[in-house]
Amino acid sequence: MKKFTCVHDIGSLERALNLAREVKKDFFAHSHLGDNKTLLMIFFNSSLRTRLSTQKAAMNLGMNVIVLDINQGAWKLESERGVIMDGDKPEHIFEAIPVMGSYCDIIGVRAFASLTNKVADYNETIINQFIKYSGKPVFSMEAATRHPLQSFADFITIEEFKTVAKPKVVLTWAPHPKALPQAVANSFAEWMNQTDYDFVITHPKGYELSQDFVGKAKVEYDQSRAFEGADFIYAKNWSLFNGPAYGTVKCVNRSWMVDEKKMQLTNSAKFMHCLPVRRNMIVTDGVIESSASIVVPQAANRVVSAQVVLKEMLLSL
Ligand code: CP
């Protein structure tokens, strides 16, 4: 595998799940596959889970790991061509990317959406520049429009916790004080649409996601109705996608928080969130601390998804 930026890069979900199960059976079965190979993890944005889980996965495979935080200690990077570089960015990404590529064998990139330039965001300008100019396999550690390592871990988690063959999975918008990208929601929808689950998206009117990601999902504007009979509730905030208000927040509608009363409408649903989560904004203390909450095993599966992807990339070197 030369790149991993979306669900289509991993092959069939059945195969991906089998690879994940193999990893979970023995995390150290291929502990020499990465001998003398270096992973470079580049962060344009903060991270806890992605940083730790991906590093752990690489270590399980015997890789060396270099982590670079672009905004903390590295030169600020210009990404536009033709810009007169007389501002605060002393290095251009066109030189920086091949240089970084020369120091490693595989590159992971985290580069969130700007939320100000929809065209650049939805063209995935930053990660595509790494794919084009680094000369190395590149995987997304959350890009502008997708977070595939997260979605892969989400899928593994649902398969582990489901009690019926085709569960009802509900992605619900939930309130947040800041404008967040659509990447996690887009990506989750993209992966769920590859399954035969009963997949429903619920959000306030105006928060429609790109139809490219909604796909065949049912959109239900009544959150309570969406929750009825659900086996999994996946909460996430995202900012506006449509119209000139792209990337902004229309309202912080606190009535959309996931609470105990809403969870009672479900089929004893499990509660999921990619984390970090704002308690008593997105979800109540009571729900996230209940036995229904599987956010910790969900996060733990980030090692598994990263290890599958890194293993596939190492095998293709
Ligand atoms: N879910 C997730 O990607 O977490 P981090 O932002 O902490 O990496």
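A quick note: this is a predicted structure, and the numbers were derived from the prediction, not measured. (Residues numbered from 1 in each chain as written. Predicted model: local features only at pLDDT ≥ 70, side-chain atom pairs only at ≥ 80, totals over all residues. Heavy atoms only, no water.)

**Remarks on the overall build of the chain**
The condition that has to hold: Here a helix means four or more residues in a row that DSSP labels H or I, a strand means two or more in a row labelled E, and each is numbered from the N terminus. When we talk radius of gyration, it's over C-alpha atoms, and the globule rule is simply 2.2 Å times the number of residues to the 0.38. Type-normalised accessible area, obtained with a 1.4 Å probe on protein chains alone, sets the label of each residue: buried when under 20%, exposed when over 50%, and partly exposed for intermediate values. Whether two residues touch is decided by their heavy atoms; if any such pair falls within 4.5 Å, the residues are in contact. In this description, accessible areas are obtained by the Shrake-Rupley approach with a 1.4 Å probe, and a residue is regarded as covered only by the protein chains that are shown. Positive charges come from Lys and Arg, negative ones from Asp and Glu, while His and the chain ends are left out of the count. Every charge is mapped onto a representative atom, which is NZ of Lys, CZ of Arg, CG of Asp or CD of Glu.
When you go through the chain residue by residue, the secondary structure sums to twelve helices and twelve strands. A compact globule built from 317 residues would reach a C-alpha radius of gyration of about 20 Å, and the chain, at 20 Å, matches this within 12%. When the backbone C-alpha atoms are referred to their principal axes, the chain occupies close to 55 × 50 × 30 Å. Within the chain, the fraction of its 317 residues that count as buried is 54%. Considering only intrachain contacts with a sequence separation of at least 6, the fraction spanning at least 24 residues in the chain is 78%. For the chain, the exposed area adds up to about 13800 Å²; of that, 51% sits on carbon and sulfur atoms. Distance from the positive charge centre (36 side chains) to the negative charge centre (33 side chains) of the chain: 2 Å.

**Re the site of the ligand**
Spelled out, the test is: Residues are labelled near a given molecule or strand when at least one of their non-hydrogen atoms is within 4 Å of it. N or O atoms within 3.5 Å of each other form a polar contact, as long as, within protein, one can give a hydrogen and the other can take it, and as long as residues adjacent in sequence are counted only when both atoms are side-chain atoms. Three classes are used: nonpolar for Ala, Val, Leu, Ile, Met, Phe, Trp, Tyr, Cys and Pro, charged for Asp, Glu, Lys and Arg, and polar for all others, with Gly counted as polar. Residue ranges labeled as domains rest on an automatic or database domain assignment.
As a structural note, the neighbourhood of the ligand is formed by S47, L48, R49, T50, R110, H147, Q150, C274, L275 and R302. Take S47: an N or O atom from its side chain is 2.7 Å from an oxygen atom of the ligand. Protein contact buries 93% of the 250 Å² of open area that the ligand shows by itself. Among the residues making up the shell around the ligand, the classes are represented as three nonpolar, four polar and three charged. Here the shell around the ligand gathers at least three residues from each of two domains, domain 1 (3-146 + 302-316) and domain 2 (150-298).

**Focus: the side chain of T202**
Position of T202 relative to the elements: it lies in strand β9 (residues 198-202). T202 gets classed as buried once you look at its relative accessible area, which sits at 0%. At 2.6 Å, the side chain of T202 forms a polar contact with the backbone oxygen of E220. Not counting residues within four places of it along the chain, the set of residues in contact with T202 comprises V170, L171, T172, W173, E220, Y221, D222, Q223, A226, F227, W238 and W256.

**Comments concerning the pattern of salt bridges**
Our working rule: We define a salt bridge as a side-chain nitrogen of Lys or Arg found within 4 Å of a carboxyl oxygen belonging to Asp or Glu.
This structure, assessed with the given rule, holds twelve salt bridges. A salt bridge links K311 to E22; the shortest N-O distance between them is 3.7 Å. Linking K311 in helix α12 (residues 295-315) with E22 in helix α1 (residues 13-25), this pair joins segments that are 289 residues apart in sequence. A relative accessible area of 10% means that K311 is categorised as buried. Classification of E22 as partly exposed rests on a relative accessible area of 43%. Between R279 and E289 there is a salt bridge, with the nearest N and O atoms lying 2.6 Å from each other.

**A look at the packing of aromatic side chains**
This is how the line gets drawn: Two rings belonging to Phe, Tyr or Trp (six-membered ring only in the last case) form a pair when the distance between their centres is within 6.5 Å. Interplanar angles under 30 degrees mark stacking, angles over 60 mark edge-to-face geometry, and anything in between is tilted.
If you walk through the whole model with that rule in mind, you get eleven aromatic pairs. For the pair Y122 and F241, a centre-to-centre distance of 5.0 Å together with 55° between the ring planes defines the contact as tilted. With Y122 in helix α4 (residues 118-122) and F241 in the loop between β11 (232-236) and α10 (260-263), this pair connects stretches of sequence that are 119 residues apart. Relative accessible area serves as the criterion here: at 23%, Y122 is assigned to the partly exposed category. Classification of F241 as buried rests on a relative accessible area of 10%. Pairing F188 with Y234 gives two aromatic rings, centres 4.0 Å apart and planes at 25°, and the pair type is stacked. Taken together, the residues span a long stretch of sequence, with F188 in helix α7 (residues 183-192) and Y234 in strand β11 at a distance of 46 residues. The exposure class of F188 is buried, given its relative accessible area of 0%. What links up through ring pairs into an aromatic cluster is the set F4, F152 and W191.

**Digging into the sheet that holds β11**
Note the threshold: Whether two strands pair depends on DSSP finding at least two bridges between them.
An order of β10-β9-β8-β11-β12 is seen for the five strands of this open sheet, with the pairing classed as parallel. The two strands at the open ends of the sheet, each matched to only one other strand, are β10 (218-219) and β12 (270-272). Strand direction decides the pairing type here: β11 and β12, joined by three bridges, are parallel. Across the sheet, the residue bridging to Y234 is M272, located in β12.

**Some thoughts on the domain arrangement of the chain**
Put simply, the rule is: Two parts lose some accessible area (1.4 Å probe) when they are put together, and adding that loss for both gives the buried area.
Annotation of the chain at the domain level lists domain 1 (3-146 + 302-316) and domain 2 (150-298). For domain 1 versus domain 2, the distance between C-alpha centres works out to 25 Å. Carbon and sulfur atoms supply 66% of the area buried between domain 1 and domain 2, which totals about 2400 Å² over both sides. In this structure, the connection of domain 1 to domain 2 is made through two salt bridges.

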